[in-house]
Amino acid sequence: MILKGYVLPGLPQPLLTPKASPHYQNLRNAFDQVKSEINSLKPDVILVYSTMWPSILGHQIQSRPICRLIHVDEEFHDLGSIPYEFYMDSELAKTCAAKAQVRGLHARTADYEGFPIDTGSVVALKLLDVQTSKIPAVIFSSNIYADRTETVVLGKACLDALKEQNKTAVAVVVTTLSNRLHQSFIDPAEDKIHSLKDQEWNLKILEFFEKGRLEDLAQLSRQIQREARVKKVNNFKPLWWLSSVMGANNKYTGKVLAYESVYGTGSAVVSLTPAAESARDLEFDEDSPEVFAGERNVLSGEGSENQNAMRSIEDNQD
Amino acid sequence: MTSSSSGQIVAGCLAPHPPHLIYAENPPQNKPRSEGGWETLRWGYEVMQKNLDALNYDVLVVMTPHWRTYVGTHLLGLPHFKGISIDPVFPHLFQYNYDLKVDVELSTAISDQIGQAGLPTKLMKNPDFRVDYGTIISCHLVNPLWNKPIVAISTHASAAYFSPDVMQEEALKLGMATRKAILGSGKRAVLLASNSLSHRHFTHEPPLPEDMSFEHITNHSQYLWDMKMIGLMKDGKSKEMVSLIPDFTEQAISETDSGALTWLMSAMDFPKIPAKVHAYGTVIGTGNAVVEWSGI
Ligand SMILES: [Fe+2]
């Protein structure tokens, strides 16, 4: 069902100003490679889970058949405008929403002319050049109040929908690794990871990716959130979704196609291909829920997740 | 608030921006139609709007939580913006055609003052830029005719990046810079802090979003915090209120994390007169107050 998975960064520099820095150019080259891979795989659809599209009322799923707009990033507006035309697999989007509801999630489609697709999804789909390949996408929001269960269940709902429609897909998460930006204006040529600690964590994460240990990494999400992420949202969720939709195991061939800094963030282009052999499949700590049974309204202890979650609605840079 | 030089901050307002309030009003600019709702807040805004109109102001200066910039404070830097704004969170409620004018001279002056205070700042000069819905909603609710130019100022994520105390320090400086620029501008400005108070949403909405039988505060502790802050506003204790903002931000999950309310109080040099609280109400569980400081 899922032919391949990708982790892609969402800041606009590799799209708009690749030549401003060798870092951005490397990422751009990696995006080009992903584009060719996807074009030869010829999936029916690209599923995109974007950490840069926050939602409150459950998950939102982009379903407008043709999304056409000129996008400008709210932070890096001076780098230029991004006109786009993307095609959504509207039927699959609707089925994903329906399957999510069956599994207890609150989910709905978004089909509005002029809807502002988030910078991360726009950058990823532009660089994959779906405008030319005409491969449709379905974009999923990141629910700011969701934690692991809802995110894993959302992944399963996506699979249900793919199975029912007998479609093949490439799964993309739009996310940075460490997400701390420099907070003063920098010379792009001198872009570097915000801190040594972020750098060390990024390298750890990449080591897991290279060994294909997707589920192991997904199970480390809470720690990654504590160690390498600004606490703008309640948790680091994209790998929960990716692992759920691709299969919660370590049977992957992982490739890090690029790892660079974009304004201080850890921005990596990673591919994961399902493989016969598992790098390592031990017992996982966290279970694999099938349905979401609703909020239990239990306040988490450390890190006060519920509190951090609320702020994220303004923080739509992942 | 007043100044010996020609510029003046004639009023400052807490002007929250739930898109529900626009949806409920059915203005021609907004596509979705409703049967009303959230009257307490909307009627509070109506009173405040009349008060502000009587002040014969030149420009609205709004600080918005929904234009988040991480690298410096950004301000709209072109004279005119037109387009459609769809709230990516509540798209079914807010699809608004805006057409607004910017006081670029004042934007530039504020940006210059921010720079002189040693903080990074940038003017936004991309004509394709989509103005954020916080700016649009707060400005619409105090001036639905859109017959005055605006200045829109972005907010940071310092509360998340560092702590609410760091946010507070930055916002205080931004307030002082804004004040300086306005006093030197010769203009009569109204300032808007576009934020809710407690900010814990419900994650579900009723089939009819404006069904008011579902609307109430998410939990009582949020309510108590909101009342504490509003009480201090009513008592004219703005300095004490500001000193509580870091705790309030953390414990009530408040949208004051944007720094907008701190900025407002700093720009007004901490008014000692009682604030006029025109309304308090909840929107999808969050606490919102419409508050005016004027006549100083
Ligand atoms: Fe807001």
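Conventions we followed
Throughout this document, residue positions are counted from 1 along each chain, in the order its sequence is written. Working convention: letters from A go to chains and numbers from 1 go to ligands, in the order in which they are written. Only residues with pLDDT of at least 70 get local features here, since the model is predicted, and only at 80 or more are side-chain atom pairs given and counted; chain-wide, interface and lining totals rely on the full set of residues. Calculation of side-chain values draws on the structure's entire complement of heavy atoms; hydrogens and water are dropped beforehand. Elements are defined by DSSP. Helices are runs of H or I of four residues or more, strands are runs of E of two residues or more, and each kind is numbered from the N terminus. Burial status follows relative accessibility: with a 1.4 Å probe on protein chains alone, a residue under 20% of its type maximum counts as buried, one over 50% as exposed, and anything between as partly exposed. Here a residue-residue contact requires only that any non-hydrogen atoms of the pair lie within 4.5 Å. Residue-level accessible areas treat just the shown protein chains as cover; the underlying method is Shrake-Rupley with a 1.4 Å probe. In summary, the charge assignment counts Lys and Arg as positive and Asp and Glu as negative, without counting His or the chain termini. Charged groups are reduced to one reference atom each: NZ for lysine, CZ for arginine, CG for aspartic acid, CD for glutamic acid. Here the radius of gyration uses the C-alpha set of atoms, whereas the globule reference equals 2.2 Å times the residue count to the power 0.38. For every residue, the predictor reports its confidence as pLDDT, a number between 0 and 100. By definition here, a helix of n residues has an expected span of 1.5 Å times n minus one. Salt bridges are defined by distance alone: a side-chain nitrogen of Lys or Arg within 4 Å of a carboxyl oxygen of Asp or Glu. Two strands are said to pair when DSSP picks up at least two bridges between them. Any pair of nitrogen or oxygen atoms within 3.5 Å is treated as a polar contact; in protein, a donor-acceptor pairing is required on top of that, and neighbouring residues in sequence qualify only through side-chain atoms on both sides. Basically, the charged four are Asp, Glu, Lys and Arg, the nonpolar ten are Ala, Val, Leu, Ile, Met, Phe, Trp, Tyr, Cys and Pro, and anything else, Gly included, counts as polar. All axes are obtained by fitting lines to C-alpha atoms, using only the stretch in contact for helices, and the reported angles, taken between N-to-C directions, cover 0 to 180 degrees.

A.B. asks: Summarise the overall build of chain A; cite the residues concerned and give the values.
C.D. replies: Looking only at helices and strands, chain A features eleven helices and ten strands. Overall, chain A is about 50 × 45 × 40 Å in size when its C-alpha atoms are taken along their principal axes. Split into buried and exposed, the 318 residues of chain A put 62% on the buried side. Looking at chain A alone, contacts between residues at least 24 apart form 82% of all its contacts between residues at least 6 apart. If you sum the accessible surface of chain A, you get close to 11400 Å²; carbon and sulfur atoms cover 49% of it. Considering chain A, the positive charge centre built from 34 side chains and the negative charge centre built from 42 side chains are found 3 Å apart.

A.B. asks: Can you break down the overall build of chain B residue by residue, with the values?
C.D. replies: Along the backbone of chain B there are nine helices and ten strands. At 18 Å, chain B has a C-alpha radius of gyration in line with the 19 Å of a compact globule built from 296 residues. Principal-axis analysis of the C-alpha atoms places the extent of chain B at approximately 50 × 40 × 40 Å. Looking at the 296 residues of chain B, the share that counts as buried comes to 65%. The long-range share in chain B, meaning contacts at least 24 apart out of those at least 6 apart in sequence, stands at 79%.

A.B. asks: Let's hear about the confidence of the model for chain B: which residues, and what values?
C.D. replies: Put simply, chain B has an average pLDDT of 96, and 98% of its residues get 70 or more. Reported confidences for the modelled complex are a pTM of 0.92 and an ipTM of 0.94.

A.B. asks: How would you sum up helix α6 (residues 148–165) of chain A? Please name residues and give values.
C.D. replies: Each α-helix winds once per 3.6 residues, and so residues spaced three or four apart point in a common direction. Residue and element names in this part refer to chain A. Compared with the 26 Å implied by 1.5 Å per residue over 18 residues, the 26 Å span of α6 between its first and last C-alpha is a close match. Within α6, 13 of the 18 residues are buried, which leaves it mostly tucked inside the rest of the structure. The positive-phi residue at the C-terminal boundary of α6 is asparagine 166, with phi of around 50°.

A.B. asks: I'd like a description of the pattern of salt bridges, backed by residues and values.
C.D. replies: Scanning the entire structure with this criterion turns up 20 salt bridges over all chains. Here arginine 108 of chain A ties to glutamate 205 of chain B by a salt bridge, and the two come within 3.4 Å at their closest N and O atoms. You can see arginine 108 of chain A sitting in strand β6 (residues 107–110) and its partner glutamate 205 of chain B sitting in the loop between β8 (188–193) and α7 (220–234), one on each of two chains. Two residues, arginine 222 of chain A and aspartate 147 of chain A, come together in a salt bridge whose shortest N-O distance is 2.9 Å. Residue arginine 222 of chain A is located in helix α9 (residues 221–228), and its partner aspartate 147 of chain A is located in the loop between β7 (137–143) and α6; the two are separated by 75 residues in the primary sequence. The class for arginine 222 of chain A is partly exposed, based on a relative accessible area of 26%. On the basis of relative accessibility, which here comes to 18%, the residue aspartate 147 of chain A falls in the buried class. In the salt-bridge network here, residues are joined through shared partners; they are Arg103, Lys156, Asp160 and Glu290 of chain A.

A.B. asks: Could you give an account of the pairing of strand β10 (residues 265–274) of chain A, with specific residues and numbers?
C.D. replies: Residue and element names in this part refer to chain A. Summarising burial for β10: eight of the ten residues are buried, a large majority. When strand β1 (residues 2–8) meets β10, the two strands line up antiparallel, connected through three bridges. For valine 7, the partnering residue across the bridge sits in β10 and is valine 270. Bridge count between strand β9 (residues 252–262) and β10: ten bridges; the pairing is antiparallel. The residue of β10 that forms the bridge with threonine 253 is threonine 273. Here β9 hands over to β10 after two residues, with tyrosine 263 in that stretch at a positive phi of 50°.

A.B. asks: Explain unusual backbone geometry residue by residue, including any values.
C.D. replies: All names here are of chain B. Positive phi, close to 55°, is recorded for phenylalanine 270, a residue that is not glycine. Residues other than glycine seldom take positive phi values, yet isoleucine 284 does so here, at roughly 45°. Within the secondary structure layout, isoleucine 284 lies in the loop between β9 (276–283) and β10 (286–294).

A.B. asks: I'd love a proper account of the side chain of serine 121 of chain A, names of residues and values included.
C.D. replies: Considering the arrangement of structural elements, one finds serine 121 of chain A in helix α4 (residues 119–127). Look past the residues within four positions of serine 121 of chain A in its chain and what remains in contact with it is Val48, Ser50, Ile139 and Val174 of chain A.

A.B. asks: Describe the interface of chain A and chain B, naming the residues involved and giving the relevant values.
C.D. replies: One widely used convention gives an interface's size as the accessible area the parts lose upon coming together. Every contact between the two is made by 46 residues of chain A and, on the other side, 45 residues of chain B. On inspection of chain A and its partner chain B, the count reaches two salt bridges. Taken together, the connections running from chain A to chain B amount to 17 residue pairs in polar contact (both at pLDDT 80 or more). With four residues, helix α11 (residues 305–311) of chain A is the single largest residue contributor to the side of chain A that touches chain B. A breakdown of the residues in the side of chain A that touches chain B according to their chemical character gives 17 nonpolar, 16 polar and 13 charged.

A.B. asks: Give me the lowdown on the sheet that holds strand β8 (residues 169–174) of chain A, citing residues and values where you can.
C.D. replies: Each strand in a sheet pairs with another by means of backbone hydrogen bonds, the pair being arranged parallel or else antiparallel. All names here are of chain A. Pairing is mixed in the open sheet, where eight strands are placed in the order β6-β3-β7-β2-β8-β1-β10-β9. Whereas interior strands pair on both sides, the edge strands pair on one side only; in this sheet they are β6 and β9. Each strand of the sheet is rotated relative to its neighbour by a mean of 20°, with strand direction disregarded. Packed onto the sheet, helix α7 (residues 196–210) meets β1, β9 and β10 and runs at close to 155° relative to β9. Running over the sheet, helix α10 (residues 238–246) touches β1, β2 (45–55), β7, β8, β9 and β10 and is turned about 170° from β8.

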